[in-house]
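Overview (structure and organization)
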2 protein chains.
Amino acid sequence: MDKHNYHQLTRTFLRLSRFSHLASIASWDMFAMMPPGGSAARGEALAELSVLRHQILTDKQVGEWIANARQEDLDDIEQANLREIERHYQEAALLPESLVEAQSLAGSKCEHAWRTQRPANDWTGFSANLKEVVKLAREEANLRAAAKGCSPYDALLDKFEPDMTSARLDELFGEVKSWLPDLLKKAVAKQEQQALIAPQGPFPIADQRELGLQAMKELGFDFNGGRLDVSAHPFCGGVPEDVRITTRYDENELLSALFGVVHETGHARYEQNLPRSWPGQPIALARSTAIHESQSLFFEMQLGRSEAFLRRLQPAIIERFGMQPAFEEHNFVAWNQRVKPGYIRVDADEVSYPAHVILRYEIERALIDGEIEVDDIPGLWNEKMQAWLGLSTEGNYRNGCMQDIHWTDGGFGYFPSYTLGAMYAAQLFHAARTALPGLDEAIAAGDLTALFDWLRQNIWQHGSRFSTEQLIQNATGEALNADYFHQHLIRRYL
Amino acid sequence: MDKHNYHQLTRTFLRLSRFSHLASIASWDMFAMMPPGGSAARGEALAELSVLRHQILTDKQVGEWIANARQEDLDDIEQANLREIERHYQEAALLPESLVEAQSLAGSKCEHAWRTQRPANDWTGFSANLKEVVKLAREEANLRAAAKGCSPYDALLDKFEPDMTSARLDELFGEVKSWLPDLLKKAVAKQEQQALIAPQGPFPIADQRELGLQAMKELGFDFNGGRLDVSAHPFCGGVPEDVRITTRYDENELLSALFGVVHETGHARYEQNLPRSWPGQPIALARSTAIHESQSLFFEMQLGRSEAFLRRLQPAIIERFGMQPAFEEHNFVAWNQRVKPGYIRVDADEVSYPAHVILRYEIERALIDGEIEVDDIPGLWNEKMQAWLGLSTEGNYRNGCMQDIHWTDGGFGYFPSYTLGAMYAAQLFHAARTALPGLDEAIAAGDLTALFDWLRQNIWQHGSRFSTEQLIQNATGEALNADYFHQHLIRRYL
Ligand SMILES: [Zn+2]
Ligand SMILES: [Zn+2]
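Each chain has its residues counted from 1, following the order in which its sequence is written. Here the convention is simple: chains get letters from A, ligands get numbers from 1, in the order in which they are written. The predicted nature of this model means local features are confined to residues of pLDDT at least 70 and side-chain atom pairs, given and counted, to a pLDDT of 80 or more, with totals for whole chains, interfaces and linings taken over all residues. Only hydrogens and water are set aside; all other atoms, that is, all heavy atoms of the structure, feed into the side-chain values.

**Details of the overall build of chain A**
Here is the rule we go by: Only DSSP runs of H or I reaching four residues or more are called helices, and only runs of E reaching two or more are called strands; each is numbered from the N terminus. Only C-alpha atoms enter the radius of gyration; for comparison, a globular chain is expected to reach 2.2 Å times N to the power 0.38, where N is the number of residues. Buried residues are those whose accessible area, probed at 1.4 Å on protein chains only, stays under 20% of the maximum for their type, while exposed residues exceed 50% and partly exposed ones sit between those limits. Throughout, a residue-residue contact means that at least one pair of heavy atoms, one from each residue, lies within 4.5 Å. All accessible-area figures derive from a Shrake-Rupley calculation using a 1.4 Å probe, and residue coverage is judged against the displayed protein chains alone. Counted as positive: Lys and Arg. Counted as negative: Asp and Glu, with His and the chain ends omitted from the count. Here the site of a charge means NZ on Lys, CZ on Arg, CG on Asp, or CD on Glu.
On a plain count of helices and strands, chain A comes out with 20 helices and three strands. Rg of the C-alpha trace for chain A: 23 Å, near the compact-globule value of 23 Å for 494 residues, within the 12% margin. With respect to the principal axes defined by its C-alpha atoms, chain A has extents near 65 × 50 × 50 Å. Counting the 494 residues in chain A, one finds 56% classified as buried. Long-range contacts, defined as pairs at least 24 residues apart, comprise 73% of the intrachain contacts of chain A with a sequence gap of at least 6. Counting only carbon and sulfur atoms, one obtains 50% of the accessible surface of chain A, whose full area is about 20,300 Å². Of note, chain A has its 48 positive side-chain charges centred 2 Å away from the centre of its 69 negative side-chain charges.

In structure tokens form, the structure reads like this:
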């Protein structure tokens with residue numbers, strides 16, 4: 001039996017992946033290279049390409065090919081690819097073009113205004129735009145929910161984390177809520193006993209860049225297929241064959257740029273090691289946002305801030321920047337593992353980070369499911385920040401509910417990925433340590449080959465072949481278990 | 001009467017220009033940023049986009065809209081735009097897709113192999129590939145010639161220089177041939193009387209870059225809409241709203257990178273000052289390759305290597321790199337105006353440059369018109385180099401007929417643009433000097449505003465509104481006249 005319909009689909013998705021390649025590079029350029037004057041023309045060019053990709057993907061022929069391909073004699077790989085193809089198709093085809101366009105306009109407007117409204121602490125201005133974004137996101141969520149037979153919020157969650165539900169999140173985050181406040185208090189109290197010395201700059205940016213490149217090299221980044229550049233917000237972009245990561249530098253802050261690079265290198269190695277046997281096919285893409293984040297947090301938190309890795313990093317820092325009291329070994333390790341609850345999510349340490357995420361998850365779920373309105377956000381935010389971290393955000397929108405970009409263009413359902421990623425990372429690191437005796441000694445000696453081979457074999461090389469659940473089950477022998485994250489925090493911080 | 005057909009065309013060309021934007025940025029990236037591993041995927045992505053653009057442009061509806069639009073009530077601008085639209089359509093629609101594809105494959109193959117064959121001096125290997133490229137170029141030329149009713153070579157020439165013919169080139173280049181050998185001999189003899197001191201490096205690359213940026217600034221480059229980067233071969237790319245120029249640096253060679261930047265800044269300012277009132281329309285594009293080159297040579301040769309400009313540049317160089325004997329004013333000016341006939345076109349001074357171009361023109365025209373074959377090229381090259389510059393290229397293919405990239409992917413008809421550009425530049429500079437009394441003093445004082453305003457008003461702002469002939473007639477009061485170039489060379493070099 002021939003696979004005519006399936007092959008029509010693979011040809012179509014190969015073509016789409018080529019257009020997506022150009023969109024990725026042009027977007028990277030927009031953030032890392034483009035002068036301001038190019039902005040309008042670039043926006044129009046990317047929008048035109050996006051319309052084209054949407055048209056190709058949602059052509060009704062694609063739906064017919066999918067229906068027919070299901071009857072064809074496909075092997076395991078092809079079936080998995082067809083499953084992913086269908087997911088992409090459904091995701092795009094479910095929404096009327098008018099809604100997609102309205103969302104894009106409202107999102108751009110809200111995001112653009114937010115850039116000045118946030119520094120001005122202008123909640124009134126911002127909330128007016130956000131209401132429109134939320135209204136459209138609810139429309140989207142309701143359409144998706146009706147098709148999938150789930151709650152509106154779950155339908156948005158599914159875009160980032162296929163098969164994840166808010167019921168499961170409530171369990172997982174519920175566990176975290178049961179132990180985190182106490183753990184956080186103890187970690188802070190323990191650290192208060194030791195006076196830490198902060199590194200003293202300036203650290204010349206050219207040297208920071210060299211240090212970052214050196215770290216990328218040790219972490220196995222393939223420079224034949226990628227670059228390091230600068231952007232206002234660090235990210236990992238490009239395409240698997242040519243991965244572009246960015247960081248930002250501050251002459252007085254050595255370690256934030258460096259750990260930014262380590263984090264993005266985790267994302268990058270996942271991309272660089274995705275399977276190449278199925279060019280342009282959805283099965284060859286990264287599994288999900290949470291699995292992606294698990295790789296960056298594996299690099300940044302599990303590996304990068306481990307005592308073994310920090311002890312190896314310390315002489316390299318001294319060699320490049322000279323000795324100073326902050327670089328004394330004990331202080332250097334402790335400084336990079338310090339816990340410092342604060343207002344800002346992106347500056348948070350790994351112990352307080354889940355508080356920021358769970359707070360946002362609870363608010364956005366209630367918002368999308370229609371239990372609260374935009375006007376309720378600041379009050380809830382303040383209440384939850386008080387409860388979690390003892391910090392008031394009353395009237396401080398800028399460092400409260402206006403701090404993130406995610407909601408401005410309607411990215412509801414994304415936040416849980418950060419903490420899911422941290423959980424997956426802890427579980428994966430535990431499994432790797434079990435599989436690889438002497439791992440800590442190898443890390444201290446700078447020999448990361450076995451660790452990366454383990455990640456390649458268990459995560460990277462599979463792309464989207466398996467569901468997230470199956471992938472984690474295969475890699476660790478069990479389903480997602482938040483206890484590994486808990487144990488990790490206890491071991492490192494108590 | 002409504003202009004339905006015309007508006008369908010402008011919408012289509014606006015859409016095409018957005019795809020072309022993405023192609024330009026991705027191509028710039030390929031040469032200035034991309035790591036080698038990204039090459040295959042990028043090539044495929046760009047090819048896919050190129051197929052799409054070809055399909056949109058050659059859709060038979062476009063042909064019908066053009067035919068119908070001719071009956072619509074169009075104003076001058078719209079008529080000029082329609083003329084350009086038709087030119088682009090014809091150029092693309094005349095060739096069967098199979099030929100376009102075969103050319104693209106043969107060109108890539110020949111160009112790719114050339115990169116290693118040239119250093120290996122491997123004419124046998126190269127000529128095998130070139131024969132296929134020439135065969136296909138002749139097919140293209142014959143198809144175009146039949147449609148236009150001209151010779152095959154003229155049909156290719158028309159792609160780069162609309163309305164230019166080999167009969168006219170023979171006249172223009174014939175004039176040059178009548179005076180250039182003697183002028184070259186005299187210029188060399190005159191310069192042999194003075195011993196010049198070469199600048200001594202190293203000149204740190206970071207400082208060279210700063211100097212280039214400073215020159216771009218003085219030359220009016222708009223950094224809000226453009227960048228300077230590095231690539232193996234300097235070029236001007238990007239889009240009018242975001243012009244990307246490149247240069248290459250050699251620690252021991254200060255002035256070649258700098259004048260590369262000055263040259264590309266000429267191209268860039270043309271692009272940056274093209275009309276913005278007709279977004280995405282062909283009428284808003286640069287007039288032709290020769291006019292484009294006239295702007296870069298206006299900047300590099302007419303302005304940049306003039307004594308007035310060099311005298312102004314000299315203190316800036318001393319300030320940045322310190323004094324040395326080569327930077328003494330008289331030596332500095334003379335060094336930047338030295339004439340040094342050699343094998344390599346891209347290294348040629350402005351006096352010997354036309355020899356390189358005319359030689360190539362005569363060979364490629366005979367080749368495309370079927371008067372000679374690929375195997376005849378090395379002999380003819382050697383003969384003409386001996387005659388023009390007294391240099392033998394026998395057996396030296398690398399520095400002879402294998403030195404350029406143009407023929408490798410079938411770019412026949414391009415070479416004349418370089419010398420046409422030099423002629424237009426000389427004629428334009430003469431007209432500007434006539435229109436602007438005190439121009440040399442203004443240049444020496446660094447006040448270039450009036451000069452650039454003149455270029456903007458006479459060339460840049462018109463895009464492709466007028467034919468090249470009309471544009472030059474309007475700007476200078478006469479048709480192209482090679483005598484201005486002759487007079488310029490006499491004044492500067494004798
Ligand atoms: Zn991340
Ligand atoms: Zn040029």
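**Quick notes on the relation of the copies chain A and chain B**
Applied cut-off: For this overlay, a least-squares fit was computed on C-alpha atoms, restricted to residues scoring pLDDT of at least 70 in both copies.
The two copies are related by a screw operation: chain A maps onto chain B through 179 degrees of rotation and 0.0 Å of translation along the axis, at an RMSD of 0.1 Å. The superposition operator between the copies reduces to a two-fold rotation axis. Interface residue correspondence from chain A to chain B reaches 100%, placing this contact among same-surface, isologous pairings.

**Observations regarding the UniProt feature "binding site: Zn(2+)" (unreviewed entry) in chain A**
Residue and element names in this part refer to chain A. We count it as follows: UniProt positions are given in the numbering used here, feature names are shortened, and annotations may be inferred rather than shown by experiment.
The UniProt feature table records "binding site: Zn(2+)" (unreviewed entry) at His263, His267 and Glu293. Annotated residues spanning 31 residues; largest pairwise C-alpha distance 8.9 Å, indicating a single compact cluster. Checked against the element boundaries, His267 lands in helix H10 (residues 254-272). By relative accessible area, His267 is classed as buried at 9%.

**Digging into the coordination of the zinc ion (ligand 1)**
Residues and elements named next belong to chain A. For clarity, the cut-off: Donor criterion used throughout: N, O or S atom within 2.8 Å of the metal, extended to 3.2 Å for Na, K and Ca. Water excluded; incomplete-looking sites may result.
Looking at the metal site, the zinc ion (ligand 1) is ligated by His263 (NE2), His267 (NE2) and Glu293 (OE), spaced 2.1 to 2.5 Å from it. In primary-sequence terms, the residues that donate to the zinc ion (ligand 1) follow H-x3-H-x25-E. In this pair, His267 is assigned in helix H10 and Glu293 in helix H11 (residues 289-304), connecting sequence segments 26 residues apart. In this pair, the class of His267 matches that of Glu293, namely buried.

**Looking at the interface of chain A and chain B**
Formally: What counts as buried area is the accessible surface, traced by a 1.4 Å probe, that two parts surrender upon association, with contributions from both included. Salt bridges are identified by distance alone: a Lys or Arg side-chain nitrogen within 4 Å of an Asp or Glu carboxyl oxygen.
Contacts between the two partners involve 32 residues from chain A, matched on the other side by 32 residues from chain B. Of the roughly 2,800 Å² buried at the junction of chain A and chain B (both faces included), carbon and sulfur atoms supply 61%. If you look at where chain A meets chain B, you find 10 salt bridges. Glu44(A) is the partner of Arg18(B) in a salt bridge, and the nearest nitrogen-oxygen pair spans 3.4 Å. If you list the elements that add at least two residues to the side of chain A that touches chain B, you get helix H1 (4-32), helix H2 (39-58), strand S1 (226-230) and strand S3 (242-247) of chain A.

**Remarks on the coordination of the zinc ion (ligand 2)**
By definition of the ideal shapes, four donors in a tetrahedron about a metal sit 109.5 degrees apart, and six donors in an octahedron sit 90 or 180 degrees apart. Residue and element names in this part refer to chain B. At this site the zinc ion (ligand 2) is bound by His263 (NE2), His267 (NE2) and Glu293 (OE), with donor distances of 2.1 to 2.5 Å. Written as a sequence motif, the donor residues of the zinc ion (ligand 2) are H-x3-H-x25-E. Of this pair, His263 sits in helix H10 (residues 254-272) while Glu293 sits in helix H11 (residues 289-304), and the two are 30 residues apart along the sequence. Per residue, the accessibility class of His263 equals that of Glu293, and both read buried.

**Re helix H4 (residues 76-93) of chain A**
Residue and element names in this part refer to chain A. To keep things clear, this is the line we draw: For a helix, the expected span equals 1.5 Å multiplied by the number of residues minus one. By the criterion applied in these results, polar contacts are pairs of N or O atoms within 3.5 Å in which, for protein atoms, one can donate a hydrogen and the other can accept it, and in which residues neighboring in sequence qualify only through two side-chain atoms.
End to end, H4 covers 25 Å across 18 residues, agreeing with the expected 26 Å (1.5 Å per residue, within 8%). For H4, the secondary structure elements touched by its buried residues are H1, H2 and helix H3 (60-69). Between the side-chain oxygen of the N-cap and the backbone nitrogen of Ile77 there are 3.1 Å, and the N-cap of H4 in question is Asp75.

**So, the confidence of the model for chain A**
The predicted structure's coordinates, where accompanied by low pLDDT, should not be read in detail. Definition in use: Per-residue confidence from the predictor is reported as pLDDT, which spans 0 to 100.
Of the residues in chain A, 100% reach a pLDDT of 70 or more, and the chain-wide mean stands at 96. Reported confidence for the predicted complex is 0.94 by ipTM and 0.95 by pTM.

**Here we look at the packing of aromatic side chains**
Residues and elements named next belong to chain A. Which entries qualify depends on this criterion: Think of it this way: a Phe, Tyr or Trp ring, Trp meaning its six-membered ring, pairs with another when their centres are within 6.5 Å, and the plane angle makes it stacked under 30 degrees, edge-to-face over 60, tilted otherwise. Lysine NZ or arginine CZ positioned within 6 Å of the ring centre and within 35 degrees of the ring normal marks a charge as sitting over the ring.
Counting across every chain of the model gives 42 aromatic pairs over all chains. Taken together, a centroid distance of 5.4 Å and an interplanar angle of 90 degrees make the contact between Phe203 and Phe321 edge-to-face. Of this pair, Phe203 sits in the loop between helix H8 (166-192) and helix H9 (205-218) while Phe321 sits in helix H12 (residues 307-321); the two residues are 118 residues apart in sequence, bridging distant segments of the chain. Through successive ring pairs, a cluster of aromatic residues spans Phe160, Tyr353, Trp381, Trp407, Phe412, Tyr414, Phe415 and Tyr418. One Lys or Arg, Arg305, reaches over the ring of Phe259 and ends 4.0 Å from the middle of that ring.

**A closer look at the domain arrangement of chain A**
Residue and element names in this part refer to chain A. As a reminder, the rule being used: For the domain bounds, the source is a domain assignment made automatically or taken from a database.
If you check the domain split of chain A, you get domain 1 (4-154) and domain 2 (155-493). The C-alpha-based centres of domain 1 and domain 2 are spaced at 25 Å. Between domain 1 and domain 2, a total of about 4,600 Å² is buried, with carbon and sulfur atoms accounting for 62% of that surface. At the surface where domain 1 touches domain 2, the tally comes to five salt bridges.

**As for the sheet that holds strand S2 (residues 236-239) of chain B**
Residues and elements named next belong to chain B. Rules: When DSSP finds at least two bridges between two strands, those strands are taken to pair. Between N-to-C directions, angles cover 0 to 180 degrees, with each direction set by a line fitted to C-alpha atoms, over the stretch in contact for helices.
Strand order in the open sheet formed by three strands is S1-S3-S2, and the pairing between neighbours is mixed. Only two strands of the sheet have a single partner each, and these edge strands are strand S1 (226-230) and S2. The average angle at which neighbouring strand axes cross in this sheet is 20 degrees, direction not considered.

**What to know about the sheet that holds S1(A)**
All names here are of chain A. If you trace the three strands from one edge of the open sheet to the other, you get S1-S3-S2, paired in mixed fashion. With partners counted over all chains shown, the strands left at the sheet margins are S1 and strand S2 (236-239), one partner each. Shown here is a sheet whose adjacent strand axes are inclined to one another by a mean of 20 degrees, direction ignored. Where S2 and S3 come together, four bridges link them in antiparallel fashion. Across the sheet, residue Gly238 finds its bridge partner in S3, namely Val243. Where H10 meets the sheet, it contacts S1, S2 and S3, and its direction lies at approximately 165 degrees from that of S3.

**As for the pattern of salt bridges**
Applying the stated criterion across every chain, the model contains 70 salt bridges over all chains. Ionic pairing is found between Glu48(A) and Arg18(B), a salt bridge with its closest N-O pair at 2.9 Å. Within this pair, whereas Glu48(A) is found in helix H2, its partner Arg18(B) is found in helix H1 (residues 4-32), the two belonging to separate chains. The shortest N-O distance in the salt bridge between Arg456(A) and Asp453(A) comes to 2.6 Å. Residue Arg456(A) and its partner Asp453(A) are located together in helix H18 (residues 449-458), separated by three residues, close to a single helical turn.

**Observations regarding the environment of Glu383(B)**
Relative to the helices and strands, Glu383(B) resides in helix H15 (residues 377-389). Between the C-alpha atoms of Glu383(B) and Thr476(B), which are 93 residues apart in sequence, the distance is 38 Å.

**Notes on the UniProt feature "active site" (unreviewed entry) in chain A**
Residue and element names in this part refer to chain A. As recorded in UniProt, the feature "active site" (unreviewed entry) lies at Glu264. Note on placement: Glu264 falls in helix H10. The class for Glu264 is buried, based on a relative accessible area of 7%. Look past the residues within four positions of Glu264 in its chain and what remains in contact with it is Pro234, Phe235, Cys236, Ile245 and Thr246.

**Notes on the side chain of Asp404(B)**
One can find Asp404(B) in the loop between H15 and helix H16 (416-435). A distance of 2.9 Å separates the side chain of Asp404(B) from the side chain of Arg345(B), its partner in a polar contact.

**What about the packing of H1(A) against helix H2 (residues 39-58) of chain B?**
Test applied: Angles below 35 degrees are treated as roughly parallel, those above 145 as roughly antiparallel, those between 65 and 115 as roughly perpendicular, and all remaining angles as oblique. Residues were grouped as follows: Ala, Val, Leu, Ile, Met, Phe, Trp, Tyr, Cys and Pro as nonpolar; Asp, Glu, Lys and Arg as charged; and all remaining residues, including Gly, as polar.
Here H1(A) crosses H2(B) at 105 degrees, and the two axes come no closer than 9 Å. Our classification of the angle between H1(A) and H2(B) gives roughly perpendicular. Here H1(A) contributes Arg15(A), Arg18(A), Phe19(A), His21(A), Leu22(A) and Ile25(A) to the contact with H2(B), which in turn contributes Ala41(B), Arg42(B), Glu44(B), Ala45(B), Leu46(B), Glu48(B), Leu49(B), Leu52(B) and Gln55(B). When its residues are assigned to classes, the contact of H1(A) with H2(B) shows eight nonpolar, two polar and five charged.

**What about the environment of Arg42(A)?**
Tracing the chain through its elements places Arg42(A) in helix H2. Each C-alpha atom of the pair Arg42(A) and Ser27(A) lies 8.7 Å from the other, and the pair is 15 residues apart in sequence. Sequence-distant contacts of Arg42(A), defined by excluding residues within four places in its chain, comprise Ala26(A), Asp29(A), Met30(A), Met34(A), His21(B), Ile25(B), Asp242(B) and Arg244(B). Here His21(B) takes part through its side chain, which lies 2.8 Å from a polar atom of the side chain of Arg42(A). In this structure the side chain of Arg42(A) is engaged in a polar contact, spanning 3.4 Å, whose partner is the side chain of Asp242(B).

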